[in-house]
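Chain by chain, the residues:
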Amino acid sequence: MIELLSLDFMRYALAAAVLVGLTAPAVGTFIVQRRLALLGDGIGHVALTGVALGFLTGTAPVLTAVVVAALGAVVIELVRARGRTSGDVALALLFYGGLAGGVMLIYLTPGGSTASLNSYLFGAITSVNRQDVWVIAVLAVLVLAVLAVFGRELFVLCQDEEVARSAGLPTRFLGLLIAVVAAVTVVVAMRVVGLLLVSALMVVPVATSQQLTRSFRATMALAMLFGVLATVGGLTSSFYLDVPSGAAIVLLALAGFAVALAVGRFVRRSRTRESIS
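What you see is a predicted model, and the numbers here were worked out from it, not measured in a lab.

Concerning the overall build of the chain
So, point 1. When its secondary structure is counted, the chain shows 12 helices and zero strands.
So, point 2. The linear arrangement of helices and strands in the chain, starting from the amino end, is α-α-α-α-α-α-α-α-α-α-α-α.
So, point 3. Residue burial in the chain is summarised as follows: out of 277 residues, 48% are buried.
So, point 4. When contacts within the chain are restricted to residue pairs at least 6 apart in sequence, long-range pairs at least 24 apart make up 74% of them.
So, point 5. Summed over all atoms, the accessible surface of the chain reaches about 13,500 Å², with 67% contributed by carbon and sulfur.

A closer look at the nonpolar core
So, point 1. Within the largest apolar cluster, 62 residues are counted, with the highest numbers of intra-cluster contacts made by Val27, Ile31, Ile43, Leu147, Met190, Leu195 and Met202.
So, point 2. Where this core is concerned, the elements lending two or more residues are α2 (8–33), α3 (39–57), α4 (61–81), α6 (118–122), α7 (130–159), α9 (171–193), α10 (198–210) and α11 (216–241).
So, point 3. Considering each element in turn, this core owes the most residues, 15 residues, to α9.
So, point 4. Discounting chain neighbours no more than four positions away, the residues touching valine 27 are Val143, Leu147, Val181, Ala182, Thr185 and Met202.

Some details on the UniProt feature "transmembrane region" (unreviewed entry) in the chain
So, point 1. Following the UniProt record, the feature "transmembrane region" (unreviewed entry) maps to residues 12–32, 52–79, 91–113, 133–151, 220–241 and 247–267 here.
So, point 2. Between the end C-alpha atoms of residues 12–32 there is a gap of 30 Å, over a span that is 100% helix and 0% strand.
So, point 3. Annotated as 100% helix and 0% strand, the span residues 133–151 places its first and last C-alpha atoms 26 Å apart.

Remarks on the pattern of salt bridges
So, point 1. Counting across every chain of the model gives one salt bridge.
So, point 2. Here glutamate 162 and arginine 165 are joined by a salt bridge, their closest N and O atoms 3.0 Å apart. With a gap of three residues between them, glutamate 162 and arginine 165 both fall in helix α8 (residues 161–166), about one helical turn apart.
So, point 3. Given the relative accessible area of 39%, arginine 165 is considered partly exposed.

Quick notes on α9
So, point 1. Taking 1.5 Å of rise per residue, the 23 residues of α9 would be expected to cover 33 Å, and the 31 Å separating its terminal C-alpha atoms lies within 8% of that figure.
So, point 2. Taken as a whole, α9 carries its principal kink of about 30° at valine 187.
So, point 3. Burial analysis of α9 places 19 of its 23 residues in the buried class, the great majority of the element.

Some remarks on a nonpolar patch on the surface
So, point 1. Where nonpolar side chains cluster on the molecular surface, the patch consists of Leu212, Val259, Val263, Phe266 and Val267 and spans about 440 Å² of accessible area.
So, point 2. As for its position among the elements, valine 259 is in helix α12 (residues 245–276).
So, point 3. Among the residues examined, valine 259 registers a relative accessible area of 53% and is labelled exposed.

Procedures and definitions
- Note that residues are indexed from 1 along each chain, following the sequence as it is written.
- Restriction of local features to residues with pLDDT of at least 70 applies here, the model being predicted, together with a cutoff of 80 or more for giving and counting side-chain atom pairs; totals for whole chains, interfaces and linings are based on all residues.
- To get the side-chain values, take all heavy atoms of the structure and skip hydrogens and water.
- A helix here means a DSSP run of H or I that spans at least four residues, while a strand means a run of E at least two residues long, and both kinds are numbered starting from the N terminus.
- Exposure is judged per residue with a 1.4 Å probe applied to protein chains only, and the accessible area is read against the type maximum: over 50% gives exposed, under 20% gives buried, and values in between give partly exposed.
- Should any heavy atoms of two residues lie within 4.5 Å, those residues are counted as being in contact.
- Throughout, the Shrake-Rupley method with a 1.4 Å probe supplies accessible areas, and for residues the shown protein chains are the sole cover considered.
- In plain words, nonpolar cores are sets of buried Ala, Val, Leu, Ile, Met, Phe, Trp, Tyr and Cys residues tied together by side-chain atoms within 4.5 Å.
- UniProt positions are given in the numbering used here, feature names are shortened, and annotations may be inferred rather than shown by experiment.
- Here, a salt bridge means any Lys or Arg side-chain nitrogen found within 4 Å of an Asp or Glu carboxyl oxygen.
- To estimate the expected span of a helix, count its residues, drop one, and scale the result by 1.5 Å.
- One axis is fitted to the seven residues ending at the residue and one to the seven starting there. The bend at that residue is the angle between these axes.
- Patch criteria: residues need more than 30% relative accessible area and no salt bridge. Like-charged residues are merged within 9 Å; nonpolar side chains of Val, Leu, Ile, Met, Phe, Trp and Tyr are merged within 5 Å.

See below:
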């Protein structure tokens, strides 16, 4: 571990891993509760167009990805809110359009190729520098601050939208807020696990936590802990085993879910036997 911390690029990578490990599951708790587990995956496809647009215009890909992902998230939420069967088709068209748009724009970039997108598609946490860490930190703090301020209202919305509406809460605004926050989180996490795997980091730690907890707050807190363990553990494994960091992080998170599932079932069976006896 001392060897790992002695390298500047690994210290930056660890800082990014901790920030993403905290942020992605925090947002994912609300998304999973609202039964929109694949929202992060869809936004990731749209964010790819934003990354490619950054290469094409010569601007920072992270900034253009934030703007395009946020706009895409708003469109996704508005289409979803219509509640029609055709909405699923519209969402699919938007997802695939985002992926195709990203590939097309990168080819239109002088000297560009799909290889330029690899670090964003699959993650390249060891390439994170000091500036990247600061950008990730600012976005992560912004996301967590929004959740802290609107957490109670978002909880009510995610539990039951009709109850939230009858209570006088601005459900449309809150729905758009979750979508935009999720979009920012996708961009925050894309350099760590990649756009194609970011949804897993938003969902798997939450699903793991749900096997062991009952309350919403406990689920979120434990999910954030599992997220940090997965990102830091996956990064450490990738350093010593020389394997892709994004894949290592997600596989470690899935392994944690398998363990939590077994432990949760054992505890529930034990309680059932005690109640019977």
